[in-house]
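Architecture and fold: a report
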Amino acid sequence: MLSLLYSFFLFSALLPIRARGFEHRDLAEHERLRRRHDRLVERYQRLEEEKRQWELANPEAEEPMITPPPLPYRLDQMDDEEFEEALGGDLEDGEEEEEGGLLKRATTTKKTSSTKKSSSTKKSTSTKKTTSTKKTTSTSSKKTTSTKKTSSTSSKKSTATETTSTAKTTSTKKASSTAKTTSTKKTTTTAKTTSTTKATTTTKSTSITTTSTTTTNVEVESTCFTSYSVATTTVTGTGTLPTPSSFVVRSGTSGLQLDGQNYRIFGPNIYWLGLDENVDPNPSYPDKGRVREAMAIAVAMGANTIRSHTLGVSFGNALSIEPSLGVFNDAAFESVDYAIAAAGKYGLRVIIPLNDNYDYYHGGKYTFLRWLGISTDNYGNAFFTNSTAIAAYKAYIQHFISHVNVYTGLAYNQDPTIMAWETGNEWGAYIGREGYPPEAWTEEIAGYIKQLAPLQLTIDGTDGIWNYTTKVSAPGLQVASIDIASDHLYPLNQGLLAQDYTLVQNYSKALLIGEYDWTETHGGQTLDDFITQIESTTYAGDMIWSVFGHDAQCCNYVQHDDGYSLYYPNGNTSTLKKLALKVAQHWYRATGRTVPSKLPAVACPQPELVF
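Residues numbered from 1 in each chain as written. Predicted model: local features only at pLDDT ≥ 70, side-chain atom pairs only at ≥ 80, totals over all residues. Heavy atoms only, no water.

Brief notes about the overall build of the protein chain
- Scanning the protein chain for helices and strands turns up twelve helices and 23 strands.
- The buried share of the protein chain, reckoned over its 611 residues, is 57%.
- Counting contacts in the protein chain only where the partners sit at least 6 residues apart, residues at least 24 apart contribute 74% of the total.
- Put simply, the protein chain shows about 24100 Å² of open surface, and 52% of that area lies on carbon and sulfur atoms. (Helix = DSSP H or I, 4+ residues; strand = E, 2+ residues; numbered from the N terminus. Buried < 20%, exposed > 50% of the residue type's maximum accessible area, 1.4 Å probe, protein only. Contact = heavy atoms within 4.5 Å. Areas by Shrake-Rupley, 256 points an atom, 1.4 Å probe, with all protein chains shown as cover.)

A look at the pairing of strand S15 (residues 349-353)
- Among the five residues in S15, five count as buried, and that is most of the element.
- Along S15, one buried face is formed by Arg349, Ile351 and Pro353 and the opposite face, lined by Val350 and Ile352, is buried too.
- As paired elements, strand S14 (residues 305-307) and S15 share three bridges and run parallel to each other. Considered in S15, the bridge of Thr305 is made with Arg349.
- After leaving S14, the chain enters helix H5 (residues 333-345) and then returns to the sheet as S15, a path that is right-handed.
- Sheet analysis places S15 next to strand S16 (residues 418-422), joined by four bridges and oriented parallel. Each residue of the ladder has a partner; that of Val350, found in S16, is Ile418. (Pairing = 2+ DSSP bridges. Right-handed = clockwise from strand over helix to strand, strands pointing away.)

Concerning helix H8 (residues 387-401)
- For H8, spanning 15 residues, the distance from its first C-alpha to its last is 21 Å, which sits close to the expected 21 Å at 1.5 Å a residue.
- Considered for burial, the residues of H8 that qualify are Ala389, Ile390, Ala392, Tyr393, Tyr396, Ile397, Phe400 and Ile401. Each buried residue of H8 sits inside an arc of 165 degrees when the element is viewed along its axis, so together they form one side.
- Tucked into the core, H8 has its buried residues touching H5, S15, helix H6 (365-372), S16 and helix H9 (439-452).
- You can read the cap of H8 off the contacts: a side-chain oxygen lies 2.9 Å from the backbone nitrogen of Thr388, and it is on Asn386. (Expected span 1.5 Å × (residues − 1). Arc of directions from axis to C-beta. Polar contact = N/O pair within 3.5 Å; in protein donor to acceptor, adjacent residues only side chain to side chain.)

So, the side chain of Asp276
- Here Asp276 lies in the loop between strand S13 (266-268) and helix H4 (288-300).
- A polar atom in the side chain of Asp276 sits 2.8 Å from the side chain of Asn278.
- A distance of 2.8 Å separates a polar atom in the side chain of Asp276 from a polar atom in the side chain of Arg290.
- Ignoring sequence-local partners within four residues, the contact set of Asp276 consists of Asn282, Pro283, Ser284, Pro286, Arg290 and Tyr361.

Points about the nonpolar core
- Phe400 and Tyr516 are the most contacted members of the largest nonpolar core, which has 114 residues in total.
- Once residues within four sequence positions are removed from consideration, Phe400 is found in contact with Leu311, Gly312, Ile321, Phe333, Val336, Ile352, Leu354, Tyr412 and Trp421.
- Grouped together as the second largest cluster of nonpolar side chains are 14 residues, Ile265, Ile351, Met419 and Ala420 included. (Core = buried A, V, L, I, M, F, W, Y, C linked by side-chain atoms within 4.5 Å.)

Things to note about the pairing of strand S17 (residues 457-460)
- With burial as the criterion, each face of S17 is covered, one bearing Leu457 and Ile459 and the other bearing Thr458 and Asp460.
- Looking at chain direction, S16 and S17 are connected through three bridges and run parallel. Bridge pairing in S17 links Glu422 to Ile459.
- The parallel pair S16 and S17 is bridged by H9, and the resulting crossover is right-handed.
- Sheet topology note: the S17/strand S18 (residues 484-489) ladder contains two bridges and is parallel. When the bridges of S18 are listed, Ile459 appears paired with Ile484.

Considering the environment of Glu426
- Along the chain, the position of Glu426 falls in the loop between S16 and H9.
- Among the polar contacts listed, one links the side chain of Glu426 to the side chain of Tyr358, at a separation of 3.1 Å.
- Engagement of the side chain of Glu426 in a polar contact is seen with the side chain of His488, the distance being 2.7 Å.

Quick notes on the state of the cysteines
- A complete count under the given rule lists two disulfides for this structure.
- Bridging Cys554 to Cys604, the disulfide has an S-S length of 2.0 Å. In this structure, the disulfide formed by Cys554 and Cys604 twists by about -80 degrees around the S-S bond and is classed as left-handed. Note that Cys554 is positioned in the loop between strand S21 (547-548) and strand S22 (566-567) and Cys604 in the segment after strand S23 (601-602), a separation of 50 residues in sequence.
- For Cys554, a relative accessible area of 6% corresponds to the buried category.
- Accessibility expressed as a relative area gives 4% for Cys604, which makes it buried.
- Looking at the protein chain, its bonded cysteines, counted consecutively from the start of the sequence, adopt the pairing 1-3, 2-4. (Disulfide = S-S within 2.5 Å.)

Quick look at the side chain of Glu293
- If you trace the backbone, Glu293 turns up in helix H4.
- Here Glu293 occupies a buried position and makes no salt bridge, while the nearest side chain of opposite charge, Arg290, is found at 6.2 Å.
- Setting aside chain neighbours within four positions, we find Glu293 in contact with Gly549, His550, Val602, Cys604 and Gln606. (Lys, Arg positive; Asp, Glu negative; His and termini not counted. Salt bridge = Lys/Arg side-chain N within 4 Å of Asp/Glu carboxyl O.)

Some points on helix H11 (residues 527-535)
- For H11, the complete set of buried residues consists of Leu527, Phe530, Ile531, Gln533 and Ile534. One side of H11 holds all its buried residues, which, seen down the axis, span an arc of 160 degrees.
- Lining the buried residues of H11 we find S13, S18, helix H10 (494-507), strand S19 (510-516), strand S20 (540-544) and helix H12 (574-590).

Quick notes on the packing of aromatic side chains
- Scanning the entire structure with this criterion turns up 30 aromatic pairs.
- Look at Tyr271 and Phe548: their rings are 6.1 Å apart centre to centre, the planes differ by 80 degrees, and that puts the pair in the edge-to-face class. With Tyr271 in the loop between S13 and H4 and Phe548 in strand S21, this residue pair connects regions lying 277 residues apart in the sequence. The pair Tyr271 / Phe548 is uniform in exposure class, with both members buried.
- Between Phe315 and Tyr396 the ring centres are 4.8 Å apart and the planes differ by 90 degrees, which places this aromatic pair in the edge-to-face class. (Phe/Tyr/Trp six-rings, centres within 6.5 Å; stacked < 30°, edge-to-face > 60°.)

Right, dumping it as structure tokens:
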């Protein structure tokens, strides 16, 4: 088995050199990659031998000593920080350290990671043990097999039958990963699922096969997770931010306040919290451990708020809150209830869009139009003018906002964790090129939301508030019951943002950049310039698109290949990780907190929540 593993390492590590012909003609660069490969193979040989010796010395042990996972990076794409992690966290005295493609002698002192197993004592220095995605031959080992497939056929979320915005990239990709892991501890999570996939757990020669078709408590056994060793702090649970107990309110002309202090919105979009398309079966309710990790990621990044489409847009399929017109599936609230309650436990506030401009898997305006037999021509704009469609949407809003959360005991419209309701997501598409909702529609819907939830804020869910081609601004700016105007910047656009500032001040609205491209890979202004422009005000907030963590076993990042995904903390390229750090430092700075020099780590799994 070792020979196969090492052959795989050699092939995967040197593949970039062979596949690209003479791209790596520089012999020094070739030698650098070869020596990195040799060092990693040497480490795995050493640890495999230590594992064999340990198993010989402990034949009665229930659980084997676990060796680290195979290298998840191609060597030519690893920076020094990633290479250091692959070597186990730290360089030893005398080990060679790479910088700029050249080799030098390291003079660092070896440190001990509190989350890794010491190879000399075979004992864990904390409650976690070193992770593994290798298959072991030990008969006492426990295996968890996870196969994930993700697909994207829209600019951000998949399964859209109509993609109308040209400002974002459209892709059709599939990513799959299969991880076989040997486990040394148990993590119990509650996962609501409609899956008929069988999971087999082998413990002490007893095989138990379960098939999940309803809401169940699923015992997930895994230690795949490897700590982010370069971090100086780790989020291991709730308590960093206080649980929301009072409501965010309007203040002055363009500001928000919380308990008499200025409040600005910062955080990530985590769109999949209510219903996920990125796992099998697709769609399905997300594992609760993944939800907790996502909340911890937001806290680690310095967020005070999250935004999630699937917490509010839920109609048109069997797992929806409204699977068919006028028929409500209240069991589907459970995943939404949990995510909102978890956000509160982590001290985060939530923005919930209630509908969508596009035909996504979780529903949108086209769902209502098809139910009612109304034409979907002209970008489905009949949704904003047809009285039957408006009445059907209002019926959904009433049922949704009045729901009582089973975890908190609070009706949604009485929960300070829910900061704001958004009339929809990206109405009118980019800069309103499909046509903004009429002022009368926004006034009726926003007014109805205010009637049902007077303690919470409302956001005009348009994709931009000014069309720089037609010079038309969003009619919702003139609606008194709208508290916050929204724009989405794909790519970042300094001139457009400056115009947003002028408009919100003229109409006395707060401003939220509810989504934006943080990657600098699709043109536009630099992230640094955007951050400076946001921080120059006292009222504007911003939310990146979008955050993903690990799968239910804490083994692999759940993939969503739309070009904007942030796999926290170290699932992106070294360049994107540096940009992610800039975003986090911006949010810490803008909310008046101590700015970290490195991305804080997030423990996976996060502890269970007690309600």
